[in-house]
Amino acid sequence: MTLLSTLLPIGGMHEYVEESIRSALAELPPDSELMLIADGIELPTELVADARIRVVHLPEKKGTAIALNEGIRASTGTYLARHDSDDRTSPDRLKELVARMEADPELVLIGCCANLIDDDGHSIGAYDVPTTDEELRATLLRRNPFVHSSIVMRRSALDKAGLYDDACVRMQDYELFLRLARHGRLANHEERLADYRVHGEMTSKTSSPFSPYARLILKRRRELARHDGASAISQTVNDSVWMTAQVLRYYGLRRPGYLIRKSA
């Protein structure tokens, strides 16, 4: 088994892919692998020449959740990191996050704060998130406090919680984090070790609040609330506020949370 596997699904050869792969390789610890999941596409040979890269090829496009699950099944890491094909990360991200995991056996999920960048990679702000287990558990019942492309998960905890839900074509990260939270401690590193790119093609801007996956999110939130002993009445209020915000965002009446909430 290797120390860590970074999961990087690629559903199309857009302008950020090469930079993203370089970024993922630059932060990869020794005895680790970069899993490139080619979701219905062929990757150019020159992009996969590095010996640390392993390619999982899906003949037909399956979407992010299924692609990630195929990557997880093929990977060998004790820890599983995420990287998106349009984002960048600091060369120190995995060193810092894995060190935190190694120091705390109860820690099942850790992410970090992020810089916001535009199409050209220029800074447009910061996204600072809660960092302690107590804060994160409370925030998870209201919204997703993790930057998906920043996180590292413990494989043994994922074995208990289950993989990404194949039915979640959007918000698959939030749904999984709500389940993982029932199996151990959570954290976010206080430093901004990821660059989160804000652009017009982001799938988070097209997530429907009327979809089956949105209803599944609400179910998982209620399950975590019961697990953590939170008030059912308070959770009903949280869910109503979240749904209202999702509807407003879907119809363009509210900006996405990562643009509104520069710190949390």
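Cut-offs applied
- Residues numbered from 1 in each chain as written.
- Predicted model: local features only at pLDDT ≥ 70, side-chain atom pairs only at ≥ 80, totals over all residues.
- Heavy atoms only, no water.
- Buried < 20%, exposed > 50% of the residue type's maximum accessible area, 1.4 Å probe, protein only.
- Helix = DSSP H or I, 4+ residues; strand = E, 2+ residues; numbered from the N terminus.
- Pairing = 2+ DSSP bridges.
- Right-handed = clockwise from strand over helix to strand, strands pointing away.
- Contact = heavy atoms within 4.5 Å.
- Salt bridge = Lys/Arg side-chain N within 4 Å of Asp/Glu carboxyl O.
- Polar contact = N/O pair within 3.5 Å; in protein donor to acceptor, adjacent residues only side chain to side chain.
- Phe/Tyr/Trp six-rings, centres within 6.5 Å; stacked < 30°, edge-to-face > 60°.
- Lys NZ or Arg CZ within 6 Å of the ring centre and 35° of its normal.
- Axes fitted to C-alpha atoms, helices over the stretch in contact; angles between N-to-C directions.
- Parallel < 35°, antiparallel > 145°, perpendicular 65-115°, else oblique.
- Left-handed = near helix turned anticlockwise from the far one by under 90°.
- Nonpolar A, V, L, I, M, F, W, Y, C, P; charged D, E, K, R; others polar.

(A) Structural context of the pairing of strand 1 (residues 2–10). With 8 of 9 residues buried, strand 1 is to be regarded as a mostly interior element. In this structure, strand 1 lies alongside strand 4 (residues 77–82), joined through 5 bridges in parallel fashion. Looking at the pairing, L7 lines up with R82 of strand 4. For strand 1 and strand 2 (residues 32–39), the ladder comprises 7 bridges, and the chain directions are parallel. What sits directly across from L7, in strand 2, is M35. In this view, the connection linking strand 1 to its parallel neighbour strand 2 by way of helix 1 (residues 17–26) has right-handed handedness.

(B) Molecular detail of the environment of R93. As for its position among the elements, R93 is in helix 3 (residues 93–103). For the pair R93 and L158, spaced 65 residues apart in sequence, the C-alpha separation works out to 21 Å. When near neighbours in sequence (up to four residues on either side) are disregarded, R93 contacts E27, A81, R82, H83, S149, S150, I151 and L193.

(C) Structural detail: the pattern of salt bridges. Per the stated rule, a full pass over the model turns up 20 salt bridges. When the shortest N-O distance is used, the salt bridge between K61 and D39 registers 3.9 Å. Here the residue K61 occupies a position in the loop between strand 3 (53–58) and helix 2 (64–74), and D39 occupies one in strand 2, the gap between them amounting to 22 residues. Accessibility expressed as a relative area gives 56% for K61, which makes it exposed. Salt bridges here are not isolated pairs; linked through shared partners, they connect E175, R179, R182, R220 and E223.

(D) Looking closely at the side chain of S32. Of note, S32 is situated in strand 2. A distance of 3.3 Å separates a polar side-chain atom of S32 from the backbone oxygen of P29. With residues near it in sequence (within four places) discarded, S32 still touches T2, L3, L4 and R52.

(E) Structural context of the pairing of strand 9 (residues 185–197). Relative to strand 9, strand 5 (residues 88–89) runs antiparallel, the two being bridged by 2 bridges. Opposite R88, over in strand 9, you have D195 as the bridge partner. As judged from the 10 bridges shared by strand 6 (residues 107–117) and strand 9, these two strands associate in the parallel manner. Paired with L107 across the two strands is R185, which belongs to strand 9.

(F) Looking closely at the packing of aromatic side chains. Counted according to the given criterion, the structure contains 5 aromatic pairs. Centroid distance Y174 to W242: 6.3 Å. Interplanar angle 65°. Geometry classified as edge-to-face. Separated by 68 residues along the polypeptide, Y174 in helix 6 (residues 172–180) and W242 in helix 8 (residues 232–250) bring together distant segments of the chain. On the accessibility criterion, W242 (6% relative accessible area) is buried. Through a chain of ring-to-ring contacts, three or more aromatic side chains come together here, namely F210, Y250 and Y251. Against the face of Y16 rests R197, its NZ or CZ located 4.0 Å from the ring centre.

(G) Up close: the packing of helix 6 against helix 7 (residues 212–227). Contact geometry for helix 6 and helix 7: axes closest at 9 Å, N-to-C directions at 20°. Taken together, the axis directions place helix 6 and helix 7 in an arrangement best described as roughly parallel. As for the relative orientation of helix 6 and helix 7, their crossing is left-handed in sense. Each of Y174, E175, L178 and R179 in helix 6 lies in contact with helix 7, whose residues at this interface are L216, I217, R220, R221 and L224. Looking at the contact of helix 6 with helix 7 residue by residue, the classes come out as 5 nonpolar, no polar and 4 charged.

Any link to function would need more than the numbers given here.
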